[in-house]
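If you want the building blocks of each chain, they are given just below.
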Amino acid sequence: MSSPDTVLIFDTTLRDGEQSPGATLNVEEKLEIARQLSRLGVDICEAGFPIASPGDFEAVRRIAEEVGPLTEGRKDGQPMVIAGLARANETDISRAYEAVRSAPRHRIHTFLATSDIHLKHKLRIDREECVDQVIRAVSYARSLCDDVEFSPEDAGRSDPEFLVQVLGEAIKAGATTLNIPDTVGYTTPDEFGWLIDYLITNTPGSDRVIWSVHCHNDLGLATANTLAGIKAGARQAEVTLNGIGERAGNTALEEVVMALTTRPQNFNLQTNIDTTQIVRTSHMVSTYTGMVIQANKAIVGANAFAHEAGIHQDGMLKNHQTYEIMRPETVGLNTSKLVLGKHSGRHAFRVRLKEMGYDNMDDEDVAAAFKRFKAIADKKKAVTDADIEAIIADEIYQPPVIWQLDHIQVSCGDHSIPTASVVMTGPDGETYSDAALGSGPVDAVYQAINRIIGVTNRLTEFSINAVTEGLDAVAEATIRIHPSDETEYTLNPQTDKPVYRTYSGHGASTDIVVASARAYLSALNKMLAERDKAPGRATPATV
Ligand code: KIV
Ligand code: ZN
């Protein structure tokens, strides 16, 4: 699986990434992202933390079963390794193993903190007990599974000599990958590179394992630290799409992969990633988690390949190499402008979908997407790939429809109170309508929807972006809501504290109020669907 000049990409979007405040995903979304990670060429997919909640267990189990065997489009022809996280105890490890075991290639990833701060204040054990626990945990994991990864949590602030001792014992106990986390994003590139070099040089048996790095971005150094670790000999990088994760996030997959790809003379290393899938995967993760990508984000931000300044544009027209170090196509950004128009038929639309990589859509989904395409093509002369991506995200990547939006009408302006009337179809098939006032048109629509559905929630994030240029652009709205009565949570493996459920929604339309309403309803439907699944929970009734 691995060669000395290949850096394995271990994606933890579905585990560490999902720990971002408010990034919670449901099982279907996790499965869809895992399928896309497989297409992207990720070597190891950390699908979750199975002990955290029954929902996490089920998601990991289904990913192992349904995505674990997939090989289509993968460079090395091998399926992804599906990993499950476990604290260093038998209960967690057994649960992780149960969840991943049906994947043809599976891994148990167990961890225990090694820094004095964590040993003293969090775990309340001494170094000796820490070593014993690591030996017991890794041996037990190895008795179940041939592929065992061990992480000394907070390694970045641990005593390097103690790390050598712990990691040496982990190797003896059967660990096959040793991952060095800078859990709190404290180190700088020279320190972290030094640490990896020191551990590889001094740990007995170090040549029998793959060394891995896992960095957090608290000082904005996650990618630099990861690359320093790779230069020092690490051959696995733990990353997330868009760098999402706890606090300031994890190392961004796209940044590490594109640094290795764009600067071969500097690293002389390769990955198994199909870089043309990067933008699609990034977009999917952003849509499902509701975590909007900042415009100037490296590689995947809306401005990453935009050239605004006159001098730059002039240079680009003369030769793109003047201001461009990577071609946008390399990361899957399609630069073709006019794709389809209002006279394009279903066949042309389907062909374009296939060309864009949407080759597994069934007839029903294609028909629904085509209907939306026609509606947009009526309002907009040129329908681009970006518009089609937005349509697909809005139409297909949606939770089950419980409440459906039929019509919206809004009146607003600088001399009137924004007023909205909304018509919807309920879960019983009946038509409901209501009207409300708001502080703005979007607020008025949300109030009217609230009056009909009657679910209390708090809006924690709202953003709206144009997916293409021009006044007729399709707008994509993303929102996150938080139920008012919060009983659903998963466990944060590092702090043992509950992470409360939030629901994200997204919607697209050439009308920003309609896009916002669709996004709100998408989040509400997701929340209602999850609640219906939860046994013994009453459906909330009042506004
Ligand atoms: O940041 C960290 O230490 C982790 C470990 C569980 C690997 O995410
Ligand atoms: Zn982490």
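Residues numbered from 1 in each chain as written. Chains lettered and ligands numbered in written order. Predicted model: local features only at pLDDT ≥ 70, side-chain atom pairs only at ≥ 80, totals over all residues. Heavy atoms only, no water.

**Q** Go over the sheet that holds strand E10 (residues 419-425), please, and point to the residues and values.
**A** Judged by pairing direction, the sheet is antiparallel, and its 3 strands sit side by side in the order E9-E10-E11 without closing on themselves. Single-partner strands in this sheet number two, and they are strand E9 (404-411) and strand E11 (431-437). When strand polarity is set aside, the average angle formed by the axes of neighbouring strands in this sheet is 15 degrees. Across 7 bridges, E9 lies against E10 in antiparallel orientation. Looking at the pairing, serine 411 lines up with threonine 419 of E10. Where helix H16 (residues 441-453) meets the sheet, its contacts fall on E9, E10 and E11, and the angle it forms with E11 comes to roughly 135 degrees. (Pairing = 2+ DSSP bridges. Helix = DSSP H or I, 4+ residues; strand = E, 2+ residues; numbered from the N terminus. Axes fitted to C-alpha atoms, helices over the stretch in contact; angles between N-to-C directions. Contact = heavy atoms within 4.5 Å.)

**Q** Lay out the pattern of salt bridges with the relevant residues and their values.
**A** Side chains that carry opposite charge are capable of pairing whenever their charged atoms lie near each other. Scanning the entire structure with this criterion turns up 33 salt bridges. Residue glutamate 324 pairs with arginine 327 through a salt bridge whose shortest N-O separation is 2.6 Å. For glutamate 324, a relative accessible area of 12% gives the class buried. Take arginine 327: its relative accessible area is 33%, and that puts it in the partly exposed class. With a shortest N-O distance of 3.0 Å, arginine 350 and aspartate 363 are connected by a salt bridge. With arginine 350 in helix H13 (residues 346-355) and aspartate 363 in helix H14 (residues 363-379), this residue pair connects regions lying 13 residues apart in the sequence. Using a relative accessible area of 29% as the deciding quantity, one classes arginine 350 as partly exposed. (Salt bridge = Lys/Arg side-chain N within 4 Å of Asp/Glu carboxyl O. Buried < 20%, exposed > 50% of the residue type's maximum accessible area, 1.4 Å probe, protein only.)

**Q** Describe the sheet that holds strand E16 (residues 503-509), with residues and values.
**A** Strand order in this open sheet of 3 strands is E12-E13-E16, and the pairing throughout is antiparallel. Strands at the two margins of the open sheet, each flanked by one partner only, are strand E12 (457-466) and E16. Each adjacent strand pair in this sheet contributes to an overall mean axis angle of 15 degrees, direction not counted. Pairing geometry for strand E13 (residues 475-483) and E16, over 7 bridges, is antiparallel. Paired with alanine 475 across the two strands is serine 509, which belongs to E16.

**Q** Tell me about the state of the cysteines, and name the residues and values.
**A** The full count for this structure, using the stated rule, is 0 disulfides. Cysteine cysteine 215 remains unbridged, with the sulfur of cysteine 45 as its closest cysteine sulfur at 20 Å. (Disulfide = S-S within 2.5 Å.)

**Q** Before we move on, can you summarise the domain arrangement of the protein with the specific residues and values?
**A** Interface size is commonly expressed as the accessible surface area that is lost when the partners come together. Per the domain assignment, the segments of the protein are domain 1 (8-289), domain 2 (308-333), domain 3 (334-395) and domain 4 (404-533). Computed over C-alpha atoms, the centres of domain 1 and domain 4 are 35 Å apart. Residue-level contacts link 24 residues of domain 1 with 15 residues of domain 4. Across the interface of domain 1 and domain 4, roughly 1700 Å² is buried in total on both sides, 45% from carbon and sulfur atoms. Across the contact surface, domain 1 and domain 4 share 1 salt bridge. (Domains from an automatic or database assignment. Buried area = accessible area lost by both parts, 1.4 Å probe.)

**Q** With reference to specific residues and values, describe the side chain of threonine 187.
**A** Within the element layout of this structure, threonine 187 appears in the loop between strand E6 (177-182) and helix H7 (189-202). Of the polar contacts made by the side chain of threonine 187, one reaches the side chain of aspartate 182; its length is 2.8 Å. (Polar contact = N/O pair within 3.5 Å; in protein donor to acceptor, adjacent residues only side chain to side chain.)

**Q** Describe the coordination of the zinc ion (ligand 2), naming the residues involved and giving the relevant values.
**A** Around the zinc ion (ligand 2), the protein supplies Asp16 (OD), His214 (NE2) and His216 (NE2) as donor atoms, at distances of 2.0 to 2.1 Å. Summarised as a motif, the one-chain spacing of the donors to the zinc ion (ligand 2) is D-x197-H-x1-H. Histidine 216 carries the same exposure label as histidine 214, and that label is buried. (Donors = N, O, S within 2.8 Å, 3.2 Å for Na, K, Ca; no water.)

**Q** Let's hear about the packing of aromatic side chains: which residues, and what values?
**A** Per the counting criterion, the structure on display carries 7 aromatic pairs. Look at tryptophan 194 and tyrosine 198: their rings are 4.9 Å apart centre to centre, the planes differ by 20 degrees, and that puts the pair in the stacked class. Remark: tyrosine 198 and tryptophan 194 occur in helix H7; sequence separation between them is 4 residues, near one turn of the helix. Residue class for tryptophan 194 comes out partly exposed when judged on its relative accessible area of 47%. Taking the centre distance of 5.6 Å and the plane angle of 55 degrees together, the rings of phenylalanine 349 and phenylalanine 370 count as tilted. Of the two residues, phenylalanine 349 is situated in helix H13 and phenylalanine 370 in helix H14; the sequence distance between them amounts to 21 residues. What makes phenylalanine 349 buried here is its relative accessible area of 0%. Given a relative accessible area of 10%, phenylalanine 370 falls into the buried group. Following the ring pairs from residue to residue traces out a cluster consisting of Phe349, Phe370 and Phe373. Geometry around phenylalanine 162 places arginine 127 over its ring, the cationic atom sitting 4.7 Å from the centre. (Phe/Tyr/Trp six-rings, centres within 6.5 Å; stacked < 30°, edge-to-face > 60°. Lys NZ or Arg CZ within 6 Å of the ring centre and 35° of its normal.)

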